[in-house]
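Read off the chains here:
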Amino acid sequence: MSKFVIENRIWDKEESLPRGELKALQSAKLRETVERVQNVPFYKEVFSRTGITPGKIQSLDDLQRLPFTTKADLRAEYPLRMLAVDRAEVARYHGSSGTTGKPTMVAYTQNDLKTWANLCARFLTGGGLLPQHTVQIAFGYGLFTGGFGLHYGVEHAGASVIPAAAGNTPKQIMLMMDMQVDALVCTPSYALNISEFIIQNDIPRNALNLKYAHFGGEPWTEDMRTRIEDEMGILCFNNYGLSEVIGPGVSGECAVRDGMHISEDAFIVECINPETLEPIAPGEEGELVFTSLCKEAMPIIRYRTRDIASLNPEPCACGRTTVRMSRITGRSDDMLIIKGVNVYPSQVEQALLRVKGTAPHYQIVVERPDRKDVATVKVEMTEESFSSSMKEMQELKDKIGRAIQGITGLRMNIELVSPNSLERFIGKAQRVVDHRKIV
Ligand code: ADP
Ligand code: ZN
(Lines give C-alpha, C1' and ligand atoms only; values in the text may rest on other atoms or scores of the structure.)
(Ligands and ions follow the chains in the order given, each with its own letter.)
Protein backbone atom coordinates (compact mmCIF):
# COMPACT_ATOMS: atom_id res chain seq x y z
CA MET A 1 0.00 0.00 0.00
CA SER A 2 1.12 3.54 -0.68
CA LYS A 3 2.44 5.64 2.17
CA PHE A 4 0.96 8.78 0.65
CA VAL A 5 -2.05 10.60 1.97
CA ILE A 6 -3.70 13.02 -0.42
CA GLU A 7 -4.91 16.30 1.01
CA ASN A 8 -8.57 17.05 0.33
CA ARG A 9 -8.56 20.15 -1.88
CA ILE A 10 -11.32 21.64 -3.99
CA TRP A 11 -10.28 23.64 -7.08
CA ASP A 12 -13.27 25.96 -7.58
CA LYS A 13 -16.62 26.86 -6.07
CA GLU A 14 -18.71 25.28 -8.85
CA GLU A 15 -17.75 21.88 -7.43
CA SER A 16 -19.57 22.46 -4.18
CA LEU A 17 -22.59 24.64 -4.96
CA PRO A 18 -25.77 23.92 -3.01
CA ARG A 19 -27.88 21.60 -5.23
CA GLY A 20 -30.57 24.22 -5.78
CA GLU A 21 -28.05 26.74 -7.08
CA LEU A 22 -26.45 24.11 -9.28
CA LYS A 23 -29.80 23.19 -10.83
CA ALA A 24 -30.57 26.85 -11.55
CA LEU A 25 -27.15 27.29 -13.14
CA GLN A 26 -27.68 24.17 -15.26
CA SER A 27 -31.09 25.36 -16.46
CA ALA A 28 -29.71 28.76 -17.47
CA LYS A 29 -26.81 27.20 -19.35
CA LEU A 30 -29.11 24.66 -20.96
CA ARG A 31 -31.21 27.46 -22.42
CA GLU A 32 -28.05 29.02 -23.88
CA THR A 33 -26.97 25.68 -25.33
CA VAL A 34 -30.35 25.08 -26.93
CA GLU A 35 -30.07 28.51 -28.60
CA ARG A 36 -26.54 27.78 -29.74
CA VAL A 37 -27.38 24.44 -31.37
CA GLN A 38 -29.82 26.20 -33.67
CA ASN A 39 -26.67 26.98 -35.73
CA VAL A 40 -26.18 23.26 -36.32
CA PRO A 41 -28.29 21.89 -39.21
CA PHE A 42 -28.56 18.50 -37.49
CA TYR A 43 -30.12 19.99 -34.34
CA LYS A 44 -32.22 22.53 -36.23
CA GLU A 45 -33.74 19.57 -38.04
CA VAL A 46 -34.31 17.74 -34.73
CA PHE A 47 -36.28 20.70 -33.39
CA SER A 48 -38.36 21.09 -36.52
CA ARG A 49 -39.01 17.33 -36.80
CA THR A 50 -40.19 17.05 -33.21
CA GLY A 51 -42.09 20.33 -33.33
CA ILE A 52 -40.35 21.54 -30.17
CA THR A 53 -39.50 25.22 -30.19
CA PRO A 54 -36.16 26.07 -28.54
CA GLY A 55 -37.91 28.33 -26.03
CA LYS A 56 -39.81 25.31 -24.70
CA ILE A 57 -36.61 23.78 -23.30
CA GLN A 58 -36.30 25.62 -19.99
CA SER A 59 -35.36 22.97 -17.47
CA LEU A 60 -33.79 19.59 -17.03
CA ASP A 61 -37.20 17.90 -17.29
CA ASP A 62 -37.82 19.59 -20.63
CA LEU A 63 -34.49 18.29 -21.88
CA GLN A 64 -35.83 14.76 -21.75
CA ARG A 65 -38.31 15.60 -24.49
CA LEU A 66 -35.46 15.95 -26.97
CA PRO A 67 -34.14 12.87 -28.80
CA PHE A 68 -30.70 11.37 -28.14
CA THR A 69 -27.62 12.07 -30.22
CA THR A 70 -25.64 8.96 -31.15
CA LYS A 71 -22.19 8.19 -32.50
CA ALA A 72 -23.86 7.25 -35.80
CA ASP A 73 -25.34 10.77 -35.99
CA LEU A 74 -21.89 12.27 -35.47
CA ARG A 75 -20.40 9.99 -38.10
CA ALA A 76 -23.06 11.02 -40.59
CA GLU A 77 -22.09 14.66 -39.99
CA TYR A 78 -18.35 13.92 -40.40
CA PRO A 79 -16.13 15.82 -40.32
CA LEU A 80 -17.46 19.19 -39.20
CA ARG A 81 -21.15 19.56 -39.85
CA MET A 82 -21.81 19.57 -36.09
CA LEU A 83 -19.94 22.90 -35.75
CA ALA A 84 -22.02 25.64 -34.11
CA VAL A 85 -19.49 28.40 -34.88
CA ASP A 86 -17.60 29.59 -37.96
CA ARG A 87 -14.40 27.71 -38.65
CA ALA A 88 -12.57 30.98 -38.06
CA GLU A 89 -13.53 30.73 -34.38
CA VAL A 90 -12.10 27.23 -33.94
CA ALA A 91 -8.80 27.04 -32.10
CA ARG A 92 -8.18 23.29 -32.03
CA TYR A 93 -9.39 20.00 -33.51
CA HIS A 94 -9.18 16.55 -32.00
CA GLY A 95 -10.66 13.21 -32.92
CA SER A 96 -11.95 10.23 -31.00
CA SER A 97 -9.42 7.43 -30.99
CA GLY A 98 -11.73 5.33 -33.12
CA THR A 99 -11.95 2.35 -30.76
CA THR A 100 -15.20 1.55 -32.48
CA GLY A 101 -14.48 2.60 -36.07
CA LYS A 102 -13.90 5.79 -38.03
CA PRO A 103 -12.76 8.75 -35.90
CA THR A 104 -15.19 11.51 -35.02
CA MET A 105 -13.73 15.00 -35.31
CA VAL A 106 -14.35 17.47 -32.52
CA ALA A 107 -13.56 21.18 -32.33
CA TYR A 108 -12.82 23.74 -29.61
CA THR A 109 -12.94 27.52 -29.52
CA GLN A 110 -10.46 29.43 -27.36
CA ASN A 111 -13.12 29.55 -24.64
CA ASP A 112 -13.70 25.80 -24.94
CA LEU A 113 -9.98 25.21 -24.41
CA LYS A 114 -10.11 27.35 -21.25
CA THR A 115 -13.17 25.48 -19.97
CA TRP A 116 -11.47 22.17 -20.71
CA ALA A 117 -8.23 23.09 -18.94
CA ASN A 118 -10.25 24.15 -15.91
CA LEU A 119 -12.20 20.89 -15.80
CA CYS A 120 -8.96 18.90 -15.93
CA ALA A 121 -7.37 21.11 -13.25
CA ARG A 122 -10.36 20.25 -11.06
CA PHE A 123 -10.06 16.52 -11.03
CA LEU A 124 -6.27 16.64 -10.90
CA THR A 125 -6.51 18.84 -7.80
CA GLY A 126 -9.12 16.51 -6.31
CA GLY A 127 -6.60 13.72 -6.83
CA GLY A 128 -3.61 15.32 -5.14
CA LEU A 129 -2.12 17.81 -7.61
CA LEU A 130 -0.29 20.70 -6.00
CA PRO A 131 1.32 23.63 -7.88
CA GLN A 132 4.80 22.45 -6.88
CA HIS A 133 4.32 19.03 -8.48
CA THR A 134 5.88 17.73 -11.69
CA VAL A 135 3.56 15.58 -13.78
CA GLN A 136 4.66 13.20 -16.51
CA ILE A 137 2.08 12.73 -19.24
CA ALA A 138 2.48 9.38 -20.94
CA PHE A 139 -0.74 9.63 -22.93
CA GLY A 140 -0.67 9.92 -26.70
CA TYR A 141 -0.39 13.52 -27.92
CA GLY A 142 -2.24 13.97 -31.16
CA LEU A 143 -5.81 13.56 -32.26
CA PHE A 144 -6.50 11.69 -29.01
CA THR A 145 -7.79 14.12 -26.40
CA GLY A 146 -5.89 12.56 -23.48
CA GLY A 147 -2.44 14.11 -23.95
CA PHE A 148 -3.34 17.72 -24.71
CA GLY A 149 -6.34 17.75 -22.37
CA LEU A 150 -4.35 16.75 -19.32
CA HIS A 151 -1.36 18.82 -20.41
CA TYR A 152 -3.24 22.09 -20.25
CA GLY A 153 -5.05 20.97 -17.11
CA VAL A 154 -1.78 20.48 -15.25
CA GLU A 155 -0.46 23.84 -16.41
CA HIS A 156 -3.72 25.57 -15.53
CA ALA A 157 -3.46 24.16 -12.00
CA GLY A 158 -0.05 25.82 -11.74
CA ALA A 159 1.99 22.62 -11.76
CA SER A 160 4.63 21.59 -14.31
CA VAL A 161 4.36 19.09 -17.15
CA ILE A 162 6.77 16.68 -18.77
CA PRO A 163 5.07 15.90 -22.10
CA ALA A 164 6.68 12.48 -22.43
CA ALA A 165 3.84 11.10 -24.62
CA ALA A 166 3.11 7.38 -24.79
CA GLY A 167 5.74 4.73 -25.46
CA ASN A 168 9.46 4.12 -24.91
CA THR A 169 9.04 2.71 -21.43
CA PRO A 170 12.77 2.78 -20.42
CA LYS A 171 12.85 6.50 -21.23
CA GLN A 172 9.65 7.10 -19.26
CA ILE A 173 11.26 5.54 -16.22
CA MET A 174 14.53 7.40 -16.72
CA LEU A 175 12.62 10.69 -16.86
CA MET A 176 10.60 9.80 -13.79
CA MET A 177 13.80 9.09 -11.85
CA ASP A 178 15.98 11.94 -13.14
CA MET A 179 13.24 14.56 -12.93
CA GLN A 180 11.88 13.24 -9.62
CA VAL A 181 8.38 13.20 -11.07
CA ASP A 182 5.51 13.37 -8.54
CA ALA A 183 2.63 12.14 -10.67
CA LEU A 184 2.07 10.00 -13.73
CA VAL A 185 -0.78 10.35 -16.24
CA CYS A 186 -1.53 7.52 -18.70
CA THR A 187 -3.85 4.63 -19.45
CA PRO A 188 -4.01 1.99 -16.70
CA SER A 189 -2.76 -0.68 -19.11
CA TYR A 190 0.30 1.39 -19.92
CA ALA A 191 0.94 1.90 -16.21
CA LEU A 192 0.97 -1.85 -15.87
CA ASN A 193 3.73 -2.06 -18.49
CA ILE A 194 5.74 0.61 -16.74
CA SER A 195 5.37 -1.20 -13.44
CA GLU A 196 6.36 -4.51 -15.02
CA PHE A 197 9.50 -2.94 -16.50
CA ILE A 198 10.47 -1.50 -13.13
CA ILE A 199 10.11 -4.88 -11.45
CA GLN A 200 11.86 -6.85 -14.20
CA ASN A 201 14.82 -4.50 -14.16
CA ASP A 202 15.10 -4.43 -10.36
CA ILE A 203 14.78 -0.67 -10.26
CA PRO A 204 14.54 0.22 -6.56
CA ARG A 205 11.31 1.91 -5.62
CA ASN A 206 13.10 4.71 -3.82
CA ALA A 207 14.86 5.71 -7.05
CA LEU A 208 11.47 7.11 -8.01
CA ASN A 209 9.69 9.90 -6.23
CA LEU A 210 6.31 9.01 -7.72
CA LYS A 211 3.42 9.63 -5.32
CA TYR A 212 0.25 9.24 -7.35
CA ALA A 213 -1.15 8.66 -10.81
CA HIS A 214 -4.23 9.63 -12.80
CA PHE A 215 -5.50 6.91 -15.10
CA GLY A 216 -8.22 7.11 -17.71
CA GLY A 217 -9.12 6.42 -21.31
CA GLU A 218 -10.14 2.78 -20.88
CA PRO A 219 -11.95 0.55 -18.41
CA TRP A 220 -10.02 -0.92 -15.52
CA THR A 221 -10.90 -2.62 -12.27
CA GLU A 222 -10.49 -2.12 -8.55
CA ASP A 223 -8.22 -5.19 -8.49
CA MET A 224 -6.03 -3.55 -11.10
CA ARG A 225 -5.81 -0.45 -8.93
CA THR A 226 -4.71 -2.49 -5.91
CA ARG A 227 -2.12 -4.27 -8.01
CA ILE A 228 -0.54 -1.13 -9.47
CA GLU A 229 -0.65 0.64 -6.11
CA ASP A 230 1.08 -2.28 -4.40
CA GLU A 231 3.69 -2.71 -7.10
CA MET A 232 4.54 0.97 -7.47
CA GLY A 233 3.80 2.21 -3.95
CA ILE A 234 1.61 5.03 -5.24
CA LEU A 235 -2.03 6.14 -5.09
CA CYS A 236 -4.02 5.73 -8.30
CA PHE A 237 -6.98 7.91 -9.30
CA ASN A 238 -9.57 7.24 -11.95
CA ASN A 239 -10.79 9.90 -14.37
CA TYR A 240 -13.23 9.69 -17.23
CA GLY A 241 -14.06 11.53 -20.38
CA LEU A 242 -14.74 11.15 -24.07
CA SER A 243 -13.91 13.36 -27.00
CA GLU A 244 -17.49 13.84 -28.14
CA VAL A 245 -18.36 15.39 -24.76
CA ILE A 246 -15.06 17.31 -24.29
CA GLY A 247 -12.29 14.75 -23.63
CA PRO A 248 -10.85 14.02 -20.18
CA GLY A 249 -12.34 16.25 -17.49
CA VAL A 250 -15.91 15.00 -17.54
CA SER A 251 -15.35 13.39 -14.15
CA GLY A 252 -12.64 12.29 -11.75
CA GLU A 253 -12.07 10.91 -8.28
CA CYS A 254 -11.55 12.99 -5.17
CA ALA A 255 -9.46 11.97 -2.16
CA VAL A 256 -12.34 9.77 -0.94
CA ARG A 257 -12.02 7.64 -4.09
CA ASP A 258 -15.55 6.36 -4.02
CA GLY A 259 -16.79 7.31 -7.48
CA MET A 260 -15.87 10.06 -9.93
CA HIS A 261 -17.40 13.51 -9.45
CA ILE A 262 -19.06 14.73 -12.62
CA SER A 263 -18.58 18.44 -13.37
CA GLU A 264 -22.29 19.14 -13.41
CA ASP A 265 -21.95 22.85 -14.03
CA ALA A 266 -20.52 21.85 -17.44
CA PHE A 267 -22.58 18.73 -18.22
CA ILE A 268 -25.99 17.30 -17.48
CA VAL A 269 -25.76 13.57 -16.93
CA GLU A 270 -28.51 11.00 -17.34
CA CYS A 271 -28.40 7.24 -16.89
CA ILE A 272 -30.69 5.20 -19.13
CA ASN A 273 -31.57 1.62 -19.88
CA PRO A 274 -29.81 1.09 -23.25
CA GLU A 275 -32.67 -1.05 -24.54
CA THR A 276 -35.81 0.69 -23.32
CA LEU A 277 -34.13 4.16 -23.15
CA GLU A 278 -36.00 4.73 -19.87
CA PRO A 279 -34.19 6.50 -17.00
CA ILE A 280 -32.40 4.24 -14.51
CA ALA A 281 -32.69 4.75 -10.75
CA PRO A 282 -29.64 6.07 -8.86
CA GLY A 283 -27.31 3.24 -7.89
CA GLU A 284 -28.33 1.03 -10.78
CA GLU A 285 -26.22 0.46 -13.84
CA GLY A 286 -27.16 1.93 -17.17
CA GLU A 287 -25.79 3.87 -20.12
CA LEU A 288 -24.54 7.38 -19.42
CA VAL A 289 -25.90 10.23 -21.50
CA PHE A 290 -24.37 13.72 -21.47
CA THR A 291 -25.52 17.17 -22.53
CA SER A 292 -22.82 19.83 -22.70
CA LEU A 293 -23.58 23.17 -21.06
CA CYS A 294 -20.47 25.27 -21.77
CA LYS A 295 -19.23 24.15 -25.15
CA GLU A 296 -19.24 26.71 -27.96
CA ALA A 297 -17.73 24.97 -31.00
CA MET A 298 -19.53 21.64 -30.73
CA PRO A 299 -22.30 21.62 -28.18
CA ILE A 300 -23.94 18.24 -27.80
CA ILE A 301 -27.38 17.24 -26.59
CA ARG A 302 -28.20 13.96 -24.88
CA TYR A 303 -25.19 12.10 -26.26
CA ARG A 304 -25.41 8.34 -25.77
CA THR A 305 -21.94 7.33 -24.62
CA ARG A 306 -22.47 3.53 -24.68
CA ASP A 307 -20.56 3.56 -21.39
CA ILE A 308 -22.19 1.56 -18.62
CA ALA A 309 -22.00 2.91 -15.05
CA SER A 310 -24.21 3.91 -12.13
CA LEU A 311 -24.79 7.34 -10.57
CA ASN A 312 -24.58 8.22 -6.90
CA PRO A 313 -26.23 11.50 -5.89
CA GLU A 314 -25.35 11.13 -2.17
CA PRO A 315 -23.22 13.97 -0.75
CA CYS A 316 -19.52 13.09 -0.59
CA ALA A 317 -17.27 13.45 2.45
CA CYS A 318 -14.92 15.65 0.40
CA GLY A 319 -17.48 18.50 0.37
CA ARG A 320 -18.26 18.42 -3.34
CA THR A 321 -21.97 18.41 -4.09
CA THR A 322 -21.72 16.96 -7.59
CA VAL A 323 -23.09 13.55 -8.47
CA ARG A 324 -20.57 10.70 -8.64
CA MET A 325 -20.38 8.03 -11.31
CA SER A 326 -19.08 4.52 -10.69
CA ARG A 327 -16.31 2.93 -12.66
CA ILE A 328 -17.26 2.12 -16.23
CA THR A 329 -18.00 -1.58 -16.21
CA GLY A 330 -18.06 -1.78 -20.00
CA ARG A 331 -19.37 -0.18 -23.15
CA SER A 332 -22.70 -1.35 -24.39
CA ASP A 333 -21.05 -1.73 -27.78
CA ASP A 334 -17.84 -3.50 -26.71
CA MET A 335 -19.92 -5.79 -24.66
CA LEU A 336 -19.44 -9.31 -25.95
CA ILE A 337 -22.36 -11.65 -26.27
CA ILE A 338 -21.00 -15.15 -26.00
CA LYS A 339 -23.50 -17.99 -26.14
CA GLY A 340 -26.13 -15.37 -25.43
CA VAL A 341 -24.42 -14.20 -22.24
CA ASN A 342 -23.29 -10.58 -21.91
CA VAL A 343 -19.61 -10.43 -21.02
CA TYR A 344 -17.32 -7.48 -20.53
CA PRO A 345 -13.58 -7.85 -20.98
CA SER A 346 -13.19 -6.20 -17.57
CA GLN A 347 -14.91 -9.20 -15.97
CA VAL A 348 -12.25 -11.51 -17.37
CA GLU A 349 -9.59 -9.16 -16.11
CA GLN A 350 -11.13 -9.15 -12.68
CA ALA A 351 -11.03 -12.95 -12.62
CA LEU A 352 -7.40 -13.11 -13.76
CA LEU A 353 -6.24 -10.67 -11.15
CA ARG A 354 -7.56 -13.04 -8.51
CA VAL A 355 -5.50 -16.01 -9.68
CA LYS A 356 -1.89 -16.20 -8.53
CA GLY A 357 0.61 -17.21 -11.21
CA THR A 358 -0.88 -15.13 -14.01
CA ALA A 359 0.19 -11.74 -15.29
CA PRO A 360 -2.66 -9.30 -16.01
CA HIS A 361 -1.99 -9.47 -19.75
CA TYR A 362 -4.64 -11.30 -21.68
CA GLN A 363 -6.57 -11.51 -24.88
CA ILE A 364 -10.04 -12.89 -25.49
CA VAL A 365 -10.50 -14.64 -28.82
CA VAL A 366 -14.05 -15.44 -29.87
CA GLU A 367 -14.85 -17.76 -32.76
CA ARG A 368 -17.91 -19.52 -34.10
CA PRO A 369 -16.57 -22.62 -35.84
CA ASP A 370 -19.72 -24.69 -35.84
CA ARG A 371 -22.53 -22.19 -35.17
CA LYS A 372 -21.49 -22.33 -31.56
CA ASP A 373 -19.51 -19.61 -29.85
CA VAL A 374 -16.13 -20.61 -28.54
CA ALA A 375 -14.21 -18.18 -26.36
CA THR A 376 -10.55 -18.65 -25.61
CA VAL A 377 -8.67 -16.53 -23.15
CA LYS A 378 -4.94 -16.30 -23.75
CA VAL A 379 -3.29 -15.60 -20.44
CA GLU A 380 0.33 -14.78 -19.79
CA MET A 381 2.04 -16.76 -17.07
CA THR A 382 4.43 -15.22 -14.61
CA GLU A 383 8.10 -16.29 -14.89
CA GLU A 384 7.57 -18.47 -11.84
CA SER A 385 4.52 -20.33 -13.07
CA PHE A 386 6.16 -20.71 -16.50
CA SER A 387 8.82 -22.94 -14.99
CA SER A 388 6.33 -25.15 -13.15
CA SER A 389 5.40 -28.74 -14.04
CA MET A 390 2.76 -29.78 -16.58
CA LYS A 391 0.52 -30.84 -13.76
CA GLU A 392 0.82 -27.48 -12.03
CA MET A 393 0.10 -25.70 -15.29
CA GLN A 394 -3.05 -27.74 -15.80
CA GLU A 395 -4.13 -26.84 -12.26
CA LEU A 396 -3.50 -23.19 -13.04
CA LYS A 397 -5.64 -23.43 -16.19
CA ASP A 398 -8.45 -25.03 -14.22
CA LYS A 399 -8.23 -22.35 -11.59
CA ILE A 400 -8.42 -19.56 -14.18
CA GLY A 401 -11.33 -21.28 -15.91
CA ARG A 402 -13.23 -21.50 -12.62
CA ALA A 403 -12.51 -17.87 -11.72
CA ILE A 404 -13.80 -16.68 -15.11
CA GLN A 405 -16.85 -18.89 -14.88
CA GLY A 406 -17.52 -17.61 -11.38
CA ILE A 407 -17.69 -14.03 -12.61
CA THR A 408 -19.12 -14.35 -16.13
CA GLY A 409 -21.09 -17.57 -15.81
CA LEU A 410 -19.33 -18.86 -18.93
CA ARG A 411 -16.88 -21.65 -19.55
CA MET A 412 -14.03 -20.38 -21.66
CA ASN A 413 -10.98 -22.21 -23.00
CA ILE A 414 -7.81 -21.15 -21.30
CA GLU A 415 -4.54 -21.00 -23.17
CA LEU A 416 -1.45 -20.27 -21.12
CA VAL A 417 1.18 -18.33 -23.02
CA SER A 418 4.77 -17.54 -22.09
CA PRO A 419 5.67 -14.35 -20.22
CA ASN A 420 5.90 -11.22 -22.38
CA SER A 421 4.43 -12.93 -25.44
CA LEU A 422 1.21 -10.93 -25.79
CA GLU A 423 1.26 -7.54 -27.45
CA ARG A 424 1.83 -4.60 -25.12
CA PHE A 425 -0.14 -1.41 -25.60
CA ILE A 426 1.01 2.10 -24.98
CA GLY A 427 -2.44 3.59 -25.34
CA LYS A 428 -5.75 1.82 -25.04
CA ALA A 429 -5.40 -1.94 -24.83
CA GLN A 430 -7.19 -4.11 -27.38
CA ARG A 431 -8.31 -7.09 -25.39
CA VAL A 432 -10.76 -8.73 -27.76
CA VAL A 433 -10.33 -10.45 -31.10
CA ASP A 434 -13.77 -11.35 -32.35
CA HIS A 435 -13.55 -13.52 -35.45
CA ARG A 436 -17.33 -13.86 -35.56
CA LYS A 437 -17.69 -10.39 -37.05
CA ILE A 438 -15.40 -11.11 -39.98
CA VAL A 439 -17.53 -13.89 -41.51
P1 ADP B 1 -13.23 6.31 -28.56
O2 ADP B 1 -14.69 6.13 -28.28
O3 ADP B 1 -12.93 6.36 -29.99
O4 ADP B 1 -12.35 5.39 -27.77
P5 ADP B 1 -12.21 8.47 -26.88
O6 ADP B 1 -10.78 8.44 -27.18
O7 ADP B 1 -12.84 9.78 -26.66
O8 ADP B 1 -12.97 7.79 -28.06
O9 ADP B 1 -12.47 7.51 -25.65
C10 ADP B 1 -13.54 7.67 -24.78
C11 ADP B 1 -13.96 6.36 -24.23
O12 ADP B 1 -12.91 5.78 -23.44
C13 ADP B 1 -15.12 6.48 -23.29
O14 ADP B 1 -16.35 6.54 -23.96
C15 ADP B 1 -14.96 5.25 -22.43
O16 ADP B 1 -15.50 4.11 -23.08
C17 ADP B 1 -13.46 5.08 -22.35
N18 ADP B 1 -12.96 5.64 -21.08
C19 ADP B 1 -12.40 6.84 -20.88
N20 ADP B 1 -12.03 7.00 -19.59
C21 ADP B 1 -12.39 5.87 -18.95
C22 ADP B 1 -12.30 5.41 -17.58
N23 ADP B 1 -11.74 6.11 -16.62
N24 ADP B 1 -12.82 4.19 -17.32
C25 ADP B 1 -13.38 3.44 -18.28
N26 ADP B 1 -13.48 3.81 -19.56
C27 ADP B 1 -13.00 5.01 -19.90
ZN1 ZN C 1 -15.74 13.49 -3.16
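Here, the structure is the one placed above.
Notes on the structure in this doc start here. Small disclaimer: the values here were computed from a predicted structure and weren't measured.

Focus on the side chain of Thr169
- Considering the arrangement of structural elements, one finds Thr169 in helix α7 (residues 169–178).
- Judged by its relative accessible area of 15%, Thr169 is buried.
- With residues up to four places along the chain from it excluded, the contact list for Thr169 reads Tyr190, Asn193, Ile194 and Phe197.

Looking at the sheet that holds strand β3 (residues 134–137)
- If you walk across this open sheet you meet the 9 strands as β4-β3-β5-β6-β7-β8-β9-β14-β13, and the pairing is mixed. Every interior strand has two partners, whereas the edge strands, β4 (160–162) and β13 (311–312), have only one.
- Sheet topology places β13 next to strand β14 (residues 324–325); 2 bridges connect them, and they run antiparallel. Counterpart to Asn312 in the pairing with β14 is Arg324.
- Packing against the sheet, helix α9 (residues 222–232) makes contact with β6 (212–215), β7 (235–242) and β8 (247–253), and its axis sits at approximately 135° to β7.

Comments concerning the packing of aromatic side chains
- Going through the model one piece at a time under the given rule, you end up with 7 aromatic pairs.
- Measuring from ring centre to ring centre gives 5.0 Å for Phe42 and Tyr43, while their planes differ by 75°; the resulting arrangement is edge-to-face.
- Judged by its relative accessible area of 2%, Tyr43 is buried.
- When the centroid spacing of 4.6 Å and the interplanar angle of 10° are considered together, the rings of Tyr108 and Trp116 count as stacked.
- Taking relative accessible area as the criterion, Tyr108 reaches 1% and is therefore assigned buried.
- Here Trp116 falls in the buried class, since its relative accessible area comes to 2%.
- Here a set of aromatic residues connected by ring pairs shows up, and it is made of Tyr240, Phe267 and Phe290.

Quick notes on the sheet that holds strand β20 (residues 413–417)
- Spatially, the 4 strands line up as an open sheet ordered β20-β19-β18-β21, and their pairing is mixed. Each edge of the open sheet is held by one strand with a lone partner, namely β20 and β21 (432–434). Neighbour-to-neighbour, the strand axes of this sheet turn through a mean angle of 20°, independent of strand direction.
- Sheet topology note: the strand β18 (residues 358–367)/β21 ladder contains 3 bridges and is parallel. Residue pairing in the sheet places Ile364 in a bridge with Val432 of β21.
- Contacts between helix α10 (residues 345–353) and the sheet are confined to β18, β19 (374–381) and β21, with β18 contributing the most and set at about 140° to the helix.

Some words on the side chain of Arg122
- Mapped onto the secondary structure, Arg122 falls in helix α5 (residues 110–126).
- For Arg122, the contacting residues outside a window of four places in its chain are Trp11, Asp12, Glu14, Glu15, Ser263 and Asp265.

Scoring rules and cut-offs
- Residues numbered from 1 in each chain as written.
- Chains lettered and ligands numbered in written order.
- Predicted model: local features only at pLDDT ≥ 70, side-chain atom pairs only at ≥ 80, totals over all residues.
- Heavy atoms only, no water.
- Helix = DSSP H or I, 4+ residues; strand = E, 2+ residues; numbered from the N terminus.
- Buried < 20%, exposed > 50% of the residue type's maximum accessible area, 1.4 Å probe, protein only.
- Contact = heavy atoms within 4.5 Å.
- Pairing = 2+ DSSP bridges.
- Axes fitted to C-alpha atoms, helices over the stretch in contact; angles between N-to-C directions.
- Phe/Tyr/Trp six-rings, centres within 6.5 Å; stacked < 30°, edge-to-face > 60°.

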